[in-house]
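Residue strings, one per chain:
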Amino acid sequence: MAASGAVEPGPPGAAVAPSPAPAPPPAPDHLFRPISAEDEEQQPTEIESLCMNCYCNGMTRLLLTKIPFFREIIVSSFSCEHCGWNNTEIQSAGRIQDQGVRYTLSVRALEDMNREVVKTDSAATRIPELDFEIPAFSQKGALTTVEGLITRAISGLEQDQPARRANKDATAERIDEFIVKLKELKQVASPFTLIIDDPSGNSFVENPHAPQKDDALVITHYNRTRQQEEMLGLQEEAPAEKPEEEDLRNEVLQFNTNCPECNAPAQTNMKLVQIPHFKEVIIMATNCENCGHRTNEVKSGGAVEPLGTRITLHITDASDMTRDLLKSETCSVEIPELEFELGMAVLGGKFTTLEGLLKDIRELVTKNPFTLGDSSNPGQTERLQEFSQKMDQIIEGNMKAHFIMDDPAGNSYLQNVYAPEDDPEMKVERYKRTFDQNEELGLNDMKTEGYEAGLAPQR
């Protein structure tokens, strides 16, 4: 609002005697007086101001007052006689407090609805029983009562209801039902909780028993978070600069290598990926522009797990083929229905889907050069064709089978589509590795503690 008129402070009809010297400024106690209907000297200051609704001149009234057992506030009210628009709000006359404040009021009787409330712009209002919240900075500050807060919320919800009903918006009916619940709160048919959380510390809920303790009101002071400090526009001291750590999750690294097929210079791309409900893995892909050869490989981004992992999936539907799958180099695969077992290191590490791995297995078995051509055994060829047909049936979801991944290092993964709940078709077992498995992983000779004592000086 832009002020455009004269200011008329003080009580009407008061005489001011001329004086050659300027009058001393009034004491703060005379500026901020407790609200009282019997105080005739406490009159609002009137300022002619521009109405932002019709752009005619209206009247703004400012009242500097003091809330008992609280602090000073400024109550402002604007009204326009031309268009009838009016607006009221309050502002704290003091500074932002050192701590935020949270008022938790248990409303049990109709008398609690008459408690005075000071709600600033930065305060958030919640009623947990209705899962209802008025966020901070969504309303102007107000000097009202508990009933007035609820009435204000109802008015805000009803504001756009005619337009929603005209557009046959589905939310209009739900908002009507919620407004009925808010109106029932005003009758205090059942107790409810009102929470006012103000990071600035300048909101207030009346204690009618002051200076005695109010059992229905809990006041909590707390230290603001960094986000709350920024929300209030407070500048805190900049923390000491720390060296920035490289975040490899958002970056694809490249390094020069040679193609494994034609030995021509090529580039390998590497990226760190976080698999949900599992761990980090490193995906590496090489593409040779000279001969067109492509390879991809997956490495676990973590250490060897304390226990081995055995994952058993009962394939019952074609939708199982879309499950994400991570097979490490130390993982073996078994399909009992096909009497098939794939040993460690075969196919290397892969991050793919179940369908992708089964197709790789089918291609590995059926296109083996030692089982094709003139030297092939007719009986063996028939068995391979039968194996390929059954594998196709599993991939298409026409044949039920069990898919088993056994990884002694514990670095393999099969997606649980019901996560974080248990998957009824998948069983994950953790087991203690045998001596032979630790030997194969090179863990028996690995010494991670006290190895310095065993080092002999070498010349």
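Here the structure is a predicted model, which means the values were calculated and not measured.

**Q** Would you explain the sheet that holds strand β25 (residues 413-414) in this entry?
**A** Sheet strands associate in pairs through backbone hydrogen bonding, adopting either a parallel or an antiparallel arrangement. Read across the sheet, three strands follow the order β23-β20-β25 without closing on themselves; strand pairing throughout is antiparallel. Lying at the two open borders of the sheet, with one neighbouring strand each, are β23 (350-353) and β25. As paired elements, strand β20 (residues 324-327) and β25 share two bridges and run antiparallel to each other. Looking at the pairing, L325 lines up with L414 of β25. Along the sheet, helix α6 (residues 354-366) contacts β20 and β23; its crossing angle with β23, the most-contacted strand, is approximately 110°.

**Q** Would you mind going over the sheet that holds strand β22 (residues 340-342) with me for this structure?
**A** What the five strands build is an open sheet, ordered β22-β21-β24-β19-β26; its pairing is antiparallel. Of all strands in the sheet, those bounded by a partner on one side alone are β22 and β26 (426-431). If you compare each strand with its neighbour and ignore which way they point, the axes differ by 15° on average. One ladder, built from three bridges, connects strand β21 (residues 332-335) with β22; its direction is antiparallel. Paired with I335 across the bridge in β22 is F340. On top of the sheet, α6 reaches β19 (308-315), β21, β22 and β24 (401-407); it is set at about 100° to β22, its chief contact.

**Q** Mind showing me how you'd approach the pattern of salt bridges here?
**A** For side chains bearing opposite charge, pairing can occur when the charged atoms are close. According to the stated counting rule, one finds 16 salt bridges in the structure shown. R115 is the partner of D112 in a salt bridge, and the nearest nitrogen-oxygen pair spans 3.2 Å. Each member of the pair, D112 as well as R115, is classed as buried. Measuring nitrogen to oxygen at the nearest pair gives 3.7 Å for the salt bridge that ties E158 to K183. With E158 in helix α2 (residues 146-158) and K183 in helix α4 (residues 170-186), this pair connects stretches of sequence that are 25 residues apart. With a relative accessible area of 35%, E158 lands in the partly exposed category. Through salt bridges with shared partners, a single ionic network connects D112, R115 and D214.

Rules of the game
Residues numbered from 1 in each chain as written. Predicted model: local features only at pLDDT ≥ 70, side-chain atom pairs only at ≥ 80, totals over all residues. Heavy atoms only, no water. Pairing = 2+ DSSP bridges. Helix = DSSP H or I, 4+ residues; strand = E, 2+ residues; numbered from the N terminus. Contact = heavy atoms within 4.5 Å. Axes fitted to C-alpha atoms, helices over the stretch in contact; angles between N-to-C directions. Salt bridge = Lys/Arg side-chain N within 4 Å of Asp/Glu carboxyl O. Buried < 20%, exposed > 50% of the residue type's maximum accessible area, 1.4 Å probe, protein only.

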